[in-house]
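# A structural walkthrough
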Amino acid sequence: MFKKRALASCPMTIGDDIKIGLKLYSTIRAATKRSPVQLDSRVNQKLTCVTKWVCGETGAVLEDYQINHFYPYGREKVKFTKAEMTDIKDFGPPGIKLMGFKPRSYLKWEQNCKSPLFLRPDEGQVKGSTTAFWALLEEMINLRKIAIARVIYRKASVPRFAALLPVKENEKDPWDDKTGMYMIFLPFSDDTRSLDFPPQPVADDEKIPGLIESTRKLITALVGDVNPESYQNPSLQKHYRALEAMALEREEPEAVEDELVPSDGFQDIEAEIKAIEDIVNEIEEPEPRKRKKAAGRGGRSGGAKKAKVAVVINDADYRTLAENNGLKSLKVAQLKDFLRAKDLALSGKKADLIERIQKYFSDQDAS
């Protein structure tokens, strides 16, 4: 188990008089490999990385007081010193300022910008924080409310709005590990994207018979009890096995089973997958709409015409596929390229296109 190590400690203020000490914990954090340590190959000693800034014109090494920063504003360069940059990023001391309360239904799942933090009282900052925090949590749960707060949980952090969601896991033990508040960071107005999707066609059994039923069978066959939290990261496990093998001077590291590879149960649904593939392959590909060319000024074309790229058709390859019943492996567009090159009709489903190509070669052999 990982240690419950606090990311930060900061007070929460309610009005001007009430202050509650809090510790902030990370609920989800990606497990990563440690960075390798650079060593001097001659003496096997750890190296120290030193960064120096060099003038591009003179090659002279610059000190901190000789370095400024700038941001482009139009064609101008607005310059700032290091101290001014620090002042720009400073929005005040760390703290959580309670702004008010909202109904719990106000919080939407899509507003979760990043992994939430978990709040617990810290008696070491402010005496009486445990009692005040427990009373606040109880009433928020009873009234089904969330708190909206302005958060700066570290020095020089950008202020964020966050929703404080109270949770109570065990009625008998109010201070078990899962009792506290989740701090869910809310998006700014700049962060929200309005998506405009074109209307999508709806599956219709009359137009595409059997597609809905085949898809339903596939989904039913794949429904299982899969819990992502029970799977280990195969990349990390392979890394640790390699380190273990080197430390114990083994010739080869132990094999790592990739638990994310689908089980043999997928073999039982090959029929459902094949049924969907056959139905989709039978769908007739619509012809692309021809756009009207806009006339340029003075009756001339608005620009130079783009040369059409000729599609090279190898008759021998298509003949081999036709003789071995392999035309089904081609896409509808590839079949139409061949028919178009031979000035044959392009209409019909995929099966009609294949039949037309086979007839073409049969006629060629007969003549």
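Please refer to the structure placed before this passage.
Everything in this summary refers to the structure shown in the same document. (Residues numbered from 1 in each chain as written. Predicted model: local features only at pLDDT ≥ 70, side-chain atom pairs only at ≥ 80, totals over all residues. Heavy atoms only, no water.)

## Thoughts on the sheet that holds strand E10 (residues 160–167)
Counted only if it meets this: Pairs of strands are assigned from DSSP output, requiring at least two bridges between the strands. A run of H or I in DSSP becomes a helix once it reaches four residues, and a run of E becomes a strand once it reaches two; helices and strands are each numbered from the N terminus. To obtain each axis, a line is fitted to C-alpha atoms, and for helices this fit is confined to the stretch in contact; angles are then taken between N-to-C directions over 0 to 180 degrees.
Pairing within the closed barrel is mixed, and its seven strands lie in the order E1-E2-E8-E11-E10-E9-E7. The average angle at which neighbouring strand axes cross in this sheet is 40°, direction not considered. Strand direction decides the pairing type here: strand E1 (residues 8–14) and strand E2 (residues 18–26), joined by seven bridges, are antiparallel. Across the sheet, the residue bridging to Ile14 is Ile18, located in E2.

## Focus on the side chain of Ser129
As a reminder of what qualifies: When a residue's accessible area, from a 1.4 Å probe over protein chains only, is under 20% of the maximum for its type it is buried; when over 50% it is exposed; and in between it is partly exposed. Residues adjacent in sequence count toward polar contacts only when both atoms are side-chain atoms; beyond that, a polar contact is any pair of N or O atoms within 3.5 Å, and within protein one must be able to donate a hydrogen and the other to accept it. Throughout, a contact is declared for two residues whenever any of their heavy atoms are within 4.5 Å.
In this fold, Ser129 is placed in helix H2 (residues 129–142). Classification of Ser129 by relative accessible area gives buried; the value is 0%. Within polar-contact distance, the side chain of Ser129 engages the backbone nitrogen of Gly21 at 2.8 Å. Not counting chain neighbours up to four residues away, the residues in contact with Ser129 comprise Ile20, Gly21, Pro121, Asp122 and Glu123.

## As for the pattern of salt bridges
Selection criterion: Counted as salt bridges are all cases of a side-chain nitrogen of Lys or Arg within 4 Å of a carboxyl oxygen of Asp or Glu.
Under the criterion given, the structure shown has ten salt bridges. Across the pair Asp365 and Arg319 runs a salt bridge, and its minimum N-O distance is 2.8 Å. In this pair, Asp365 is assigned in helix H8 (residues 350–366) and Arg319 in helix H6 (residues 315–323), connecting sequence segments 46 residues apart. By relative accessible area, Arg319 is classed as partly exposed at 26%. For the salt bridge of Asp363 with Lys359, the shortest nitrogen-to-oxygen distance reads 3.1 Å. In this pair, Asp363 and Lys359 are both assigned in helix H8, four residues apart and thus about one turn of the helix distant.

## Digging into the nonpolar core
To keep it simple, the criterion reads: Remark: nonpolar core denotes a set of buried residues (Ala, Val, Leu, Ile, Met, Phe, Trp, Tyr, Cys) joined through side-chain atoms within 4.5 Å.
Leu24, Ile96 and Met183 are the most contacted members of the largest nonpolar core, which has 23 residues in total. Of all elements in the fold, only E1, E2, strand E7 (95–103), strand E8 (117–121), H2, strand E9 (145–152), E10 and strand E11 (180–185) reach the threshold of two or more residues within this core. In terms of residue count, H2 provides more of this core than any other element does, four residues in total. The residues contacting Leu24, other than those within four sequence positions of it, are Ala6, Leu7, Ala8, Cys10, Ile96, Leu117, Phe118, Leu119, Tyr153 and Met183.

## Focus on the packing of aromatic side chains
Our working definition: For this analysis, a ring pair means two rings from Phe, Tyr or Trp (six-membered ring only for Trp) whose centres lie within 6.5 Å, classed as stacked if their planes differ by under 30 degrees, edge-to-face if by over 60, and tilted for the remaining angles. Charges are assigned to positions over rings by a cutoff of 6 Å between ring centre and Lys NZ or Arg CZ, combined with an angular limit of 35 degrees from the ring normal.
Within the structure shown, the criterion is met by seven aromatic pairs. A network of ring pairs unites the aromatic residues Tyr318, Phe338, Tyr360 and Phe361 as a single cluster. Sitting over the face of the ring of Tyr106, Lys102 holds its NZ or CZ atom 5.3 Å from the ring centroid. Its end group placed over the ring of Phe185, Lys114 keeps NZ or CZ at 4.9 Å from the ring centre.

## Remarks on a nonpolar patch on the surface
Rule in force here: Residues form patches when they are more than 30% accessible in relative terms and have no salt bridge. Like charges link within 9 Å. Nonpolar side chains (Val, Leu, Ile, Met, Phe, Trp, Tyr) link within 5 Å. Reported accessibility uses the Shrake-Rupley method at a 1.4 Å probe radius. Residues are deemed covered only where the shown protein chains occlude them.
On the surface, Met99, Phe161 and Phe188 cluster together into a nonpolar patch covering about 280 Å² of accessible area. Relative to the assigned elements, Met99 resides in strand E7.

## Regarding the packing of H6 against H8
Applied cut-off: When describing relative orientation, an angle under 35 degrees is termed roughly parallel and one over 145 degrees roughly antiparallel, while 65 to 115 degrees is termed roughly perpendicular and anything else oblique. Think of it as three bins: nonpolar holds Ala, Val, Leu, Ile, Met, Phe, Trp, Tyr, Cys and Pro, charged holds Asp, Glu, Lys and Arg, and polar takes everything else, Gly as well.
Relative to each other, H6 and H8 sit at 105°, their axes nearing to 10 Å. By the angle class used here, H6 and H8 are roughly perpendicular. For the pair H6 and H8, contact is made by Asp315, Tyr318, Arg319 and Ala322 and by Gln358, Tyr360, Phe361, Gln364 and Asp365, respectively. Split by residue class, the contact of H6 with H8 holds four nonpolar, two polar and three charged.

## A short note on a positive patch on the surface
So the rule is basically this: When charges are tallied, Lys and Arg are placed among the positive residues and Asp and Glu among the negative ones, while His and the ends of the chain are skipped. By convention, the charge on Lys lies at NZ, on Arg at CZ, on Asp at CG and on Glu at CD.
On the surface, Arg5, Arg29, Lys114 and Arg154 cluster together into a positively charged patch. Within the secondary structure layout, Arg29 lies in the loop between E2 and strand E3 (53–54). Judged by relative accessible area, which is 70%, Arg29 ranks as exposed.

## Let's talk about helix H4 (residues 234–247)
Under the convention used in this document: Each residue after the first adds 1.5 Å to the expected span of a helix.
Look at H4: 20 Å from first C-alpha to last across 14 residues, which is about the 20 Å you get at 1.5 Å a residue. You can read the cap of H4 off the contacts: a side-chain oxygen lies 3.0 Å from the backbone nitrogen of Ser235, and it is on Asn233. Downstream of H4 by a residue or two, Glu249 has a phi angle that is positive, lying close to 55°.

## A look at helix H7 (residues 332–341)
At 3.6 residues per turn, the α-helix brings residues three or four places apart onto the same side. Heads up, the rule is: This arc is built from the directions going out from the helix axis to the C-beta atoms.
Of all the residues in H7, the buried ones are Val332, Leu335, Lys336, Phe338 and Leu339. The buried residues of H7 occupy one face: seen down the axis, they fall within an arc of 155°. Downstream of H7 by one or two residues, Asp343 has phi in the positive range, about 60°.

## Concerning the packing of H7 against H8
In plain terms, the rule: Handedness of a helix crossing follows the sense of rotation of the near helix relative to the far helix, less than a right angle counterclockwise being left-handed and clockwise being right-handed.
Between H7 and H8, the least distance of the axes is 10 Å, while the angle of their chain directions is 35°. Between H7 and H8 the crossing geometry is left-handed. From H7, Val332, Leu335, Lys336, Phe338 and Leu339 reach across to H8, where they touch Lys350, Leu353, Ile354, Arg356, Ile357, Tyr360 and Phe361. The residue makeup of the contact of H7 with H8, split by class, is nine nonpolar, no polar and three charged.

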